[in-house]
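Spelled out from the first residue to the last, the chains are:
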Amino acid sequence: MRLHAELKAALQAAADPARALPMQAYMRDQFVFLGVAAPQRRLAAKALLAGLKGAGADVLLEQAQRLWQEPEREYQHLALDMLALHRRQLTPAHLPALLALARQRAWWDSVDGMAGIVGDVLQAEHKRGGDGHAHMDAALRHDDFWLRRIAMLHQLGWRADTDAAWLYDAALALAHEDEFFIRKAIGWALRDYARHAPEAVLAFASAHRQQLSALSYREALKHQPG
């Protein structure tokens, strides 16, 4: 409880009410804000979050859940900062808790932040020789499209570690969906992998142009030459 109170006090001290309304408008009035931009948020909480080194996943998840219940959006962002900073304390066994958290007060900002954390956990598992795709297989089929987005995006930044076959299969599995955030995620995931394998992504997108939405196709090839 003490840490939670200290984190709240740190963010409230950094709050700028003049920033709050523009931040709220940018997020389409989905949430209220304190008015703390990301650099100030991270600076305000830096020492407190550093003190969680070695605290263990249970403590991290408990603190994240408490922050998630606060009405102002910066507290969810702070929870993501905390989980990202201490991601090495998390394992695939904690993915159900992370995904459950992501479904609460879900919007693209928190969902994409959680996708990065999930991806880091699974990439670390991949480097140890494990296979974390079973968790993402289930998320890819979940009724909640935000979890499907996390599954689609979880390999962002993996480069040579990317399971290209899984990526392509996931893109095709979701290609029929009308949801903007899914179509955008497909294109984003393909475009990210194209930084590592541009010819392969071009070949995939070209071969499946009729299945991919115009948005997904355009985003996938956004940085391709020509």
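This text goes with the structure placed above it.
Residues numbered from 1 in each chain as written. Predicted model: local features only at pLDDT ≥ 70, side-chain atom pairs only at ≥ 80, totals over all residues. Heavy atoms only, no water.

S.K.: Can you walk me through the pattern of salt bridges in this structure?
M.R.: Two side chains bearing opposite charge may form a pair once their charged atoms approach each other closely. Applying the stated criterion across every chain yields a total of 18 salt bridges. In this structure, Arg41 and Asp81 form a salt bridge, with 2.7 Å as the shortest nitrogen-oxygen distance. Here the residue Arg41 occupies a position in helix α3 (residues 38-50), and Asp81 occupies one in helix α5 (residues 73-85), the gap between them amounting to 40 residues. Accessibility assignment for this pair places Arg41 and Asp81 in one class, buried. Among the salt bridges present, the one from Asp112 reaches Arg149, with a minimum N-O distance of 2.8 Å. With Asp112 in helix α7 (residues 108-127) and Arg149 in helix α9 (residues 145-153), the pair connects residues that are 37 residues apart, well separated along the chain. Take Arg149: its relative accessible area is 4%, and that puts it in the buried class. (Salt bridge = Lys/Arg side-chain N within 4 Å of Asp/Glu carboxyl O. Helix = DSSP H or I, 4+ residues; strand = E, 2+ residues; numbered from the N terminus. Buried < 20%, exposed > 50% of the residue type's maximum accessible area, 1.4 Å probe, protein only.)

S.K.: When you look at empty space enclosed by the protein in this model, what are you seeing that I'm missing?
M.R.: One water molecule sets the probe size; rolling that probe over the atoms shows where empty space is left. Evaluated as defined, the whole model comprises 1 cavity of 30 Å³ or more. Its volume calculated, the largest cavity comes out at about 50 Å³. Along its surface, the largest cavity is lined by Met152, Leu153, Gln155, Leu156, Thr162, Leu167, Ala189, Asp192 and Tyr193. Among the secondary structure elements, those contributing two or more residues to the lining of the largest cavity are α9 and α11 (180-194). With 3 residues, α11 is the largest single contributor of residues to the lining of the largest cavity. Residue classes in the lining of the largest cavity are distributed as 6 nonpolar, 2 polar and 1 charged. (1 Å grid on protein atoms, 1.4 Å probe; cavity = no way out; pocket = protein on both sides within 12 Å on 5 of 7 lines; lining within 4 Å. Points joined across faces, edges and corners; volume = space filled by probe spheres on them. Nonpolar A, V, L, I, M, F, W, Y, C, P; charged D, E, K, R; others polar.)

S.K.: Would you mind going over α5 with me for this structure?
M.R.: Two residues of an α-helix separated by three or four positions point the same way, owing to the 3.6 residues in each turn. With 13 residues, α5 should reach 18 Å at 1.5 Å per residue; the first-to-last C-alpha distance of 19 Å fits that figure. The element α5 is largely enclosed, with a buried count of 11 among its 13 residues. At its buried positions, α5 is contacted by α1 (2-14), α2 (17-26), α3, α4 (57-68), α6 (95-103) and α7. (Expected span 1.5 Å × (residues − 1). Contact = heavy atoms within 4.5 Å.)

S.K.: Help me understand the environment of Asp169, please; the structure alone is not making it clear to me.
M.R.: Among the secondary structure elements, Asp169 is positioned in helix α10 (residues 164-174). Taking the relative accessible area as the measure of exposure, Asp169 reaches 54% and is therefore exposed. For the pair Asp169 and Arg87, spaced 82 residues apart in sequence, the C-alpha to C-alpha distance is 27 Å.

S.K.: Just checking my understanding: could you explain the packing of aromatic side chains for this structure?
M.R.: How two aromatic rings sit relative to each other is set out by the distance from centre to centre and by the angle between their planes. Inspection of every chain in the model, using the stated rule, returns 9 aromatic pairs. Plain terms: the ring middles of Tyr26 and Trp108 are 6.3 Å apart, the flat faces sit at 85 degrees to each other, and that makes the pair edge-to-face. With Tyr26 in helix α2 and Trp108 in helix α7, this residue pair connects regions lying 82 residues apart in the sequence. Residue Tyr26 is classed as exposed on the basis of its relative accessible area of 61%. The exposure class assigned to Trp108 is partly exposed, which follows from its relative accessible area of 29%. Relative to Tyr193, the ring of Tyr168 has its centre 6.4 Å away and its plane inclined at 65 degrees; by these criteria the two rings are edge-to-face. You can see Tyr168 sitting in helix α10 and its partner Tyr193 sitting in helix α11, a full 25 residues away along the chain. For Arg73, the ring lying beneath its charged end belongs to Phe31, and the centroid distance is 3.6 Å. (Phe/Tyr/Trp six-rings, centres within 6.5 Å; stacked < 30°, edge-to-face > 60°. Lys NZ or Arg CZ within 6 Å of the ring centre and 35° of its normal.)

Bear in mind that shape data such as this cannot, by itself, settle questions of function.
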